[in-house]
Amino acid sequence: MAIASTLLDDYDATVALAARNPELIPADLVPPASPAGKSLAIALDYTDQVSITKAAESCHAAFEHIDLLVNCAAVNRAPGWPPEASKGSLEALRAAALEEILSINVIGPVMACQAFLPLLLRSKRPCVVNVSTSRASLGLVAGPGSFGYAVSKAALNMATRKIAAQLADSGGAAVAIDPGWVRTRMGGPEAPIEPAAAAARLLKVAIRNADSINGRFLNLDGEDVPW
Ligand SMILES: NC(=O)c1ccc[n+]([C@@H]2O[C@H](COP(=O)([O-])OP(=O)(O)OC[C@H]3O[C@@H](n4cnc5c(N)ncnc54)[C@H](OP(=O)(O)O)[C@@H]3O)[C@@H](O)[C@H]2O)c1
């Protein structure tokens, strides 16, 4: 939400907000449809390929091109499973829980990139931001915790490199950005970074020269995070 809100307020952008339950998106972010409407709410569940395809079709109907695709949604534990099934010790992990976390955090965002690629390629400067985390860093790995989350985001980082290689030919960029510890449902109330501040800083990194960010893993200051 904070990224969409910043794009609307600070960049005067036209925005499609995708959510599993678009009816829950606050009304001020999605005013009733009108010719002057700057935002559109669409349904998208990363675990449902049909919903990804339909979301892209809605955007095809509404927009000539898109300049920026932000894959932000993720889970840090498999929904419906006890935490240890996807984030505990090796002994406690469950295959189905790991599959679920990979489905949401990797396969969904990758298939969203595929579905939106034709619209992105109509932009003069297409950009994909995959929201990552320092927990994905092979260099910074600290312990066995957050197993499925860390593995899934490391895979998303590799996917970002692959997409970057493809977008380079069209003057575009794909970048993995670690937002730091943000005060959201996932980050919790102790997190030091407000969502609005994280969104503003993330977008400042994303709009940099495409060549300077393409295929990189960056933090909110635009500095490299170790892969
Ligand atoms: N918060 C932090 O400190 C922190 C740190 C490092 C990286 N990150 C990254 O920042 C990004 C945003 O995280 P957050 O802190 O905003 O997390 P969050 O508060 O837990 O929100 C996660 C969002 O993902 C959505 N989602 C979950 N499963 C989905 C699915 N199958 N299809 C579509 N959407 C789904 C949720 O939708 P519902 O509302 O419908 O559940 C929710 O809107 C994530 O990529 C996360 O890994 C966060």
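For the structure itself, consult the block above.
Since this is a predicted model, take the numbers as computed values, not measurements.

**Student:** Is there a simple way to think about the overall build of the protein chain in this case?
**Tutor:** Across its full length, the protein chain carries 7 helices and 6 strands. In the protein chain, the order of α-helices and β-strands from amino to carboxyl end is α-β-β-α-β-α-α-β-α-β-α-α-β. Computed over the C-alpha atoms, the radius of gyration of the protein chain is 17 Å, within 12% of the 17 Å expected from 2.2 N^0.38 for a compact globule of 227 residues. Along the three orthogonal principal directions, the C-alpha set of the protein chain runs to about 55 × 35 × 35 Å. Burial statistics for the protein chain: of 227 residues in total, 38% are counted as buried.

**Student:** How should I be thinking about the packing of helix H4 (residues 95-120) against helix H5 (residues 147-167) in this particular structure?
**Tutor:** Helix packing geometry: the angle between the two helix axes and the distance between the axes. Packing of H4 against H5 leaves a shortest axis separation of 9 Å and a crossing angle of 20°. With respect to H5, the element H4 is oriented roughly parallel. Between H4 and H5 lies a crossing whose hand is right-handed. Where H4 abuts H5, its residues Ala-97, Leu-98, Ile-101, Leu-102, Asn-105, Val-106, Pro-109, Val-110 and Cys-113 lie against Gly-148, Tyr-149, Ser-152, Lys-153, Ala-155, Leu-156, Ala-159 and Ile-163. Counted by class, the contact of H4 with H5 contains 13 nonpolar, 3 polar and 1 charged residues.

**Student:** Just checking my understanding: could you explain helix H2 (residues 49-62) for this structure?
**Tutor:** A turn of α-helix holds 3.6 residues, and therefore any two residues three or four places apart point the same way. For H2, spanning 14 residues, the distance from its first C-alpha to its last is 20 Å, which sits close to the expected 20 Å at 1.5 Å a residue. When we look at burial in H2, the residues that qualify are Ile-52, Ala-55 and Ala-56. The buried residues of H2 occupy an angular sector of 95° when the element is viewed end-on, so they sit on one face. In H2, those exposed residues whose orientation departs by more than 90 degrees from the buried face are Val-50, Glu-57 and Ala-61. Contacts from the buried residues of H2 go to strand E1 (15-19), strand E2 (39-43) and H4.

About the thresholds
- Residues numbered from 1 in each chain as written.
- Predicted model: local features only at pLDDT ≥ 70, side-chain atom pairs only at ≥ 80, totals over all residues.
- Helix = DSSP H or I, 4+ residues; strand = E, 2+ residues; numbered from the N terminus.
- Rg over C-alpha atoms; globule rule 2.2 N^0.38 Å.
- Buried ≥ 20, exposed ≤ 12 C-beta atoms within 10 Å, placed from the backbone.
- Axes fitted to C-alpha atoms, helices over the stretch in contact; angles between N-to-C directions.
- Parallel < 35°, antiparallel > 145°, perpendicular 65-115°, else oblique.
- Left-handed = near helix turned anticlockwise from the far one by under 90°.
- Contact = placed C-beta atoms within 7 Å.
- Nonpolar A, V, L, I, M, F, W, Y, C, P; charged D, E, K, R; others polar.
- Expected span 1.5 Å × (residues − 1).
- Arc of directions from axis to C-beta.

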